[in-house]
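Structure assessment
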Amino acid sequence: MGEAQKGLLSVIEKLKGTTEQEVRIVLLGLDNAGKTTLLKSLASEDVNTITPTQGFNIKSVASHGMKLNVWDIGGQRKIRPFWKKYLENTDLLIYVIDSADKKRFEETGLELSELIDEENLKGVPVLIFANKQDLATASPASEIAEGLNLHTYRDREWQIQACSAVSGEGVQDGMNWICNNIVNRKK
Amino acid sequence: MAEDDREWVVESIVGYLGSPEWVIPVTDFMENKCTVFDDEDENKLSYTEIHQQYKKLVEKLLENYMQEVGINEQQFLDACTSPFAKSKTLQIVFQPVLATDDFQMFRSLMVQKNMELQLQALRVIKERNGALPDCLTDGTDVMTELQQQEMRILQEVLKKSKEEYDEEMSMRMLLEEEVGSTSRSSSDKPVRESGEAQQETSASSQQNSTAKVNSKPVSKEETKATATGGRDGKNSAKGSSSSKLTTDCGSNGLEPRVLPAVRAPVKSSELPSTKEQSSSSQTAAEAWVEEARKEAGISKPYTELSLSQQEQLQQRAAYLRQQRDKLHALKKEQQKSKQSSTAEETPSNPTPAPATPEISVEEKKKLQKRKHLADKLKEEVIKK
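All values derive from a computational prediction rather than experimental measurement.

The rules behind the values
Residues numbered from 1 in each chain as written. Chains lettered and ligands numbered in written order. Predicted model: local features only at pLDDT ≥ 70, side-chain atom pairs only at ≥ 80, totals over all residues. Heavy atoms only, no water. Phe/Tyr/Trp six-rings, centres within 6.5 Å; stacked < 30°, edge-to-face > 60°. Helix = DSSP H or I, 4+ residues; strand = E, 2+ residues; numbered from the N terminus. Buried < 20%, exposed > 50% of the residue type's maximum accessible area, 1.4 Å probe, protein only. Lys NZ or Arg CZ within 6 Å of the ring centre and 35° of its normal. UniProt positions renumbered as here; feature names shortened; annotations may be inferred. Contact = heavy atoms within 4.5 Å. Polar contact = N/O pair within 3.5 Å; in protein donor to acceptor, adjacent residues only side chain to side chain. Pairing = 2+ DSSP bridges. Axes fitted to C-alpha atoms, helices over the stretch in contact; angles between N-to-C directions. Parallel < 35°, antiparallel > 145°, perpendicular 65-115°, else oblique. Nonpolar A, V, L, I, M, F, W, Y, C, P; charged D, E, K, R; others polar. Salt bridge = Lys/Arg side-chain N within 4 Å of Asp/Glu carboxyl O. Core = buried A, V, L, I, M, F, W, Y, C linked by side-chain atoms within 4.5 Å. Right-handed = clockwise from strand over helix to strand, strands pointing away.

**Regarding the packing of aromatic side chains**
For the structure shown, the criterion picks out 11 aromatic pairs over all chains. Ring centres 6.1 Å apart and planes at 50° place the aromatic pair Trp71(A) and Tyr86(A) in the tilted group. Taken as a pair, Trp71(A) in strand E3 (residues 66–73) and Tyr86(A) in the loop between E3 and strand E4 (92–98) lie far apart in primary sequence, 15 residues in all. Across the pair, Tyr86(A) and Trp71(A) agree in class, each one buried. Consider the rings of Phe37(B) and Tyr47(B), whose centres lie 4.1 Å apart with planes at 10°: the pair is stacked. Residue Phe37(B) is located in the loop between helix H2 (20–33) and helix H3 (45–69), and its partner Tyr47(B) is located in helix H3; the two are separated by 10 residues in the primary sequence. There is no split in this pair, since Phe37(B) and Tyr47(B) are both buried. A connected cluster of aromatic rings, assembled from ring pairs, spans Phe29(B), Phe37(B), Tyr47(B), Tyr54(B) and Phe106(B). Above the face of the Trp71(A) ring, Arg24(A) is positioned so that its terminal group lies 4.2 Å from the ring centre.

**A short note on the UniProt feature "binding site: Mg(2+)" (unreviewed entry) in chain A**
All names here are of chain A. Look at the UniProt record and you will see "binding site: Mg(2+)" (unreviewed entry) annotated at Thr 36 and Thr 53. In sequence the annotated residues extend across 18 residues, while in space they remain close, none of their C-alpha pairs exceeding 7.5 Å. The exposure class of Thr 36 is buried, given its relative accessible area of 9%. With residues up to four places along the chain from it excluded, the contact list for Thr 36 reads Ile 50, Thr 53, Asn 57 and Asp 72. Along the chain, Thr 53 turns up in the loop between helix H2 (35–42) and strand E2 (56–63). Reaching out from Thr 53, the side chain makes a polar contact with the side chain of Thr 36 at a distance of 2.8 Å.

**As for the pairing of strand E1 (residues 21–29) of chain A**
Residues and elements named next belong to chain A. Counting buried positions along E1 yields seven of nine residues, so the element is predominantly enclosed. Here E1 pairs with E3 via seven bridges, running parallel. Residue Val 23 lies in a different strand from E3, and its bridge partner there is Leu 68. As paired elements, E1 and E4 share five bridges and run parallel to each other. By the bridge assignment for E4, Gly 29 is matched with Val 96.

**Looking at the packing of H2(B) against helix H6 (residues 103–129) of chain B**
Residues and elements named next belong to chain B. H6 packs onto H2 with a crossing angle of 75° between their chain directions and a minimal axis gap of 9 Å. Comparing the axis directions of H2 and H6 gives the class roughly perpendicular. Of the residues in H6, those touching H2 at Thr 27, Phe 29, Met 30, Glu 31 and Lys 33 are Phe 106, Leu 109, Met 110, Lys 113 and Leu 117. Taken together, the residues of the contact of H2 with H6 sort by class into six nonpolar, one polar and three charged.

**Comments concerning the packing of H3(B) against H6(B)**
Residues and elements named next belong to chain B. Contact geometry for H3 and H6: axes closest at 11 Å, N-to-C directions at 100°. Relative to H6, H3 is oriented roughly perpendicular. In contact with Tyr 47, Thr 48, Ile 50, His 51 and Tyr 54 of H3, H6 contributes Phe 103, Phe 106, Arg 107 and Met 110. Tallied by class, the residues present in the contact of H3 with H6 amount to six nonpolar, two polar and one charged.

**So, the pattern of salt bridges**
Residue and element names in this part refer to chain A. Evaluated as defined, the whole model comprises 20 salt bridges over all chains. Measuring nitrogen to oxygen at the nearest pair gives 2.9 Å for the salt bridge that ties Glu 107 to Arg 80. Highlighted residues: Glu 107 in helix H3 (residues 105–116) and Arg 80 in the loop between E3 and E4, separated in sequence by 27 residues. Owing to a relative accessible area of 8%, Arg 80 belongs among the buried residues under this scheme. For the salt bridge of Arg 156 with Asp 155, the shortest nitrogen-to-oxygen distance reads 3.1 Å. Given a relative accessible area of 9%, Arg 156 falls into the buried group. Since its relative accessible area comes to 46%, Asp 155 is described here as partly exposed.

**Concerning the nonpolar core**
The tendency in soluble globular proteins is for nonpolar side chains to be buried as a group. With 63 residues, the main nonpolar core has Leu28(A), Phe56(A), Ile73(A), Tyr95(A), Ile13(B) and Trp22(B) as its most contacted residues. The element contributing the most residues to this core is H3(B), with 10 residues. Sequence-distant contacts of Ile13(B), that is, excluding residues within four places in its chain, are made with Tyr65(B), Phe76(B), Ala79(B), Cys80(B) and Phe94(B). Formed by 24 residues, the second largest nonpolar core is a distinct cluster that contains Leu27(A), Cys163(A), Val171(A) and Cys179(A).

**So, helix H4 (residues 73–81) of chain B**
For H4(B), the full list of buried residues reads Phe76(B), Leu77(B), Ala79(B), Cys80(B) and Thr81(B). Among the residues of H4(B), the N-terminal cap falls to Asn72(B), whose side-chain oxygen and the backbone nitrogen of Gln74(B) are separated by 3.1 Å.

**Examining the sheet that holds strand E6 (residues 158–162) of chain A**
Residue and element names in this part refer to chain A. One open sheet accounts for six strands, arranged E2-E3-E1-E4-E5-E6; its pairing is mixed. The sheet terminates laterally at E2 and E6, the two strands that pair on one side only. Sheet twist, expressed as the mean angle between neighbouring strand axes with direction ignored, is 20°.

**Details of the pairing of E4(A)**
Residue and element names in this part refer to chain A. Counting buried positions along E4 gives seven out of seven residues, so the element sits mostly inside the fold. Both faces of E4 are covered, namely the face carrying Leu 92, Ile 94, Val 96 and Asp 98 and the face carrying Leu 93, Tyr 95 and Ile 97. Alignment of E4 against strand E5 (residues 126–131), held across six bridges, turns out to be parallel. Within E5, the position partnered with Leu 93 by the bridge is Val 126. For the crossover that starts at E4, traverses H3 and ends in the parallel E5, the hand is right-handed.

Put into structure tokens, the structure is as follows:
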């Protein structure tokens, strides 16, 4: 019921308090990391017919009495420059990594550190999904965390979660962390 | 006091959202930008750009409005969130405003607008050209395919029941004729033949009526009925070109001098029907195969055909033979019943006819039911 206008953001926050809490989550990562699969898995949809995302997908998921609006934006190199257009008013960042694609660990680390430096994501909690753990060649989450220097993040909450978007394993654990974190943050 | 204020502001806002100052620029924007919005699950990156432009437009419009009316942002927001503004009808009015903050809502508005424009365009094309060009109708639409299938089935059913009806009619004609005179025995052969042809080949009754006219005088009413039926038959032939039955029918329709009319004089001169029925000689069988062959439009002699074709023809011949025998049997029974009572000629007569044990009560009932159905159908078809 809130009217929305840029100059009136402070009031809108209050207005939305009357309905259920809405959370804006942005889902990013390199191409082929499994972002769309993760999104569909969150929305309990079929994950067998997913093609590379050229634009973006949005799903709204109800969880812990909140409405999570998850924005999944394509990860191909030519699309990445558009990422920053979607970061405004973001409550949480989910970053997805293909744990079996060791050759691109450096590339994905660079993209993540660029995001962390974005003004719009200042202090925004980040959840990293070490995806594709169902593959035999997948690196463990702890190894990836080390490679990304996550322990140097002092300005925000962060968490790394091993998962497989295809099987759904670990996904719910990550969502639980998100909800707990958001609830704490908004209080 | 504050409540009154709010109500006044809400009314003013709603008035503004219905005024040309708001409607024209917003509609213009949507109509110009909606073409890229489709109902795919995935959003295009360009949607975001357009949404940003839309936000700017609405912001500018509302700022101008608030300045004009002299209310501040807080008043505006209060009014929008008051219970007065939350009624269903007002929610729709506020949708374009809320769409600035809600991308999903914006998207659905744009998709809807795009669809409206497309439908409008289709309508305009239709009005101008009378029909849509092929490029716009060629798409394999699942729905239309289903509908076509349904139409085909319906036509098939109509055709079937028409055949039954024609069969019934020719039967009745036979009865009437026999009642009329007993000395007609030589001339009712062609009629019988035409009846057979109808039932066996599902030939259009155009051919049929030719045969009838050749063989005997037909009452005007009947000619009319069959003529209409003939047209219907042709229509259905056009409609469903895929079914084998109709192909037969079509080819027969092209050459109306089909077998019964030609063959009848020869046969009736040499064989009374009862004899022919009892003789299952080689020549008779060959004749049936030959007929089936002609019917199928195969010009090669029987022996030159491929095995599968021969088999097909054999089957057809067997079927024809069977049908003929049935007809003969029926006729024989009718002749017997004729001898016992003339009231039989009106099939709607419910008398169980105890003098004819061959036709059971049940069979008669069935026959009546069928006729009733055919009559009803005919009525409907002709009315249309």
